[in-house]
Amino acid sequence: MSEAGTLFKRYVWLIDTVQTGHWTKEDLMRKWLHSSLNDDHEEMADKTFHNHINAINNIFGLHIKCNKYGDKTYYIENENNLDEHSDIKRWLIDTISVSNVVNECSNLRGRIQYENIPSGQQWLTSIIKAMRDDHPINITYEGYWGRGRHTFPVEPYFVKVFKQRWYLIAHSIGDDQIRVYALDRIQDMEVQNDRIFRMPEDFHADEFFEDCYGIIHGDDYQVETVRIKVTGNQAKYVRSVPLHSSQTEEEGGSDSCTIFCYRLKPTFDFMQEIFSHADDFEVLEPKWLCDEISRRVYNMYKYYRKEEGQI
């Protein structure tokens, strides 16, 4: 594991430990001596301890403080900051926390299974550090459509995971556009540590995909009302795991079907999600989306009937 990856695990270990009880610095150091992350079983230097606290503040926005006038225990001053402001930070902490627990409990290995995200391992930590320090990066990128490799500078704005892939959303300096790059298509990367960029004050990462499903921003699409009839027990699943934050439910549904409404851009990613639910979903509006789904379903029908010699 890279040095950056090891440090992230240590930061999350410290966050997790402080959250679980009232620990003095001496208590924390004793727990560190017995941690599986402490390969050399050495004490943590005082300077390292405070560097970790500063890094946690800078990366996660969490303020670890010492109760100097009480029992000298450490606590997170603004613990709600994670839940209120950053899903990705919470995801990172939860994911690494599980990894740390599994390492601590060898008898659990093999009993916790997860989906591998191959694209996140090689570049993610370096990109996050570049975002933290506002450094541009040069990436060598090879897209999905066979256009060859190209090297160019970008300003990393934020990262997003979707369908087992990590994506970098960045300002492409060459054409002055905000673009989406799949991390597994990055062939090489170099952080420009001698340069600084500033994100526009009117850009908000949590709003960029607000009207979208997935990672297609859909500049050629308008935000529309989409109505979908969902049948049977599938409606219970959609109700408990909404497809989009705008999801509402129409009154007057029946035991056999429910109508859900959305305000979003019906991009390719959203259409793919509809297809993944097979015949449990029926798009009611807009009409153009109904027609597009119908056309694709008919094409699928022709493929299978052709194999049977009926077309």
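The structure under discussion appears in the preceding block.
Let me begin by describing the structure that accompanies this report. (Residues numbered from 1 in each chain as written. Predicted model: local features only at pLDDT ≥ 70, side-chain atom pairs only at ≥ 80, totals over all residues. Heavy atoms only, no water.)

**As for the sheet that holds strand 1 (residues 23-24)**
Cut-off, in case you're wondering: Paired strands, as defined in this entry, are two strands with at least two bridges between them according to DSSP. In this description a helix means any DSSP run of H or I spanning at least four residues, a strand means any run of E spanning at least two, and both kinds are numbered starting from the N terminus.
Strand order in the open sheet formed by three strands is 1-3-2, and the pairing between neighbours is antiparallel. The open sheet is flanked by strand 1 and strand 2 (64-66), the only strands paired with a single partner. Relative to strand 3 (residues 73-76), strand 2 runs antiparallel, the two sharing three bridges. When the bridges of strand 3 are listed, Lys-65 appears paired with Tyr-75.

**Structural notes on unusual backbone geometry**
Put simply, Glu-285 and Pro-286 share a cis peptide bond, and its omega is 5°. Relative to the helices and strands, Pro-286 resides in the loop between strand 12 (281-285) and helix 10 (287-307). With a phi close to 60°, Asp-134 is a non-glycine residue in the positive phi region. Here Asp-134 shows up in the loop between helix 6 (124-133) and strand 4 (137-142). Unlike most non-glycine residues, Asp-176 shows phi in positive territory, near 55°. In this structure, Asp-176 sits in the loop between strand 6 (165-172) and strand 7 (177-182).

The quantities given are spatial measurements derived from coordinates; they are silent on function.
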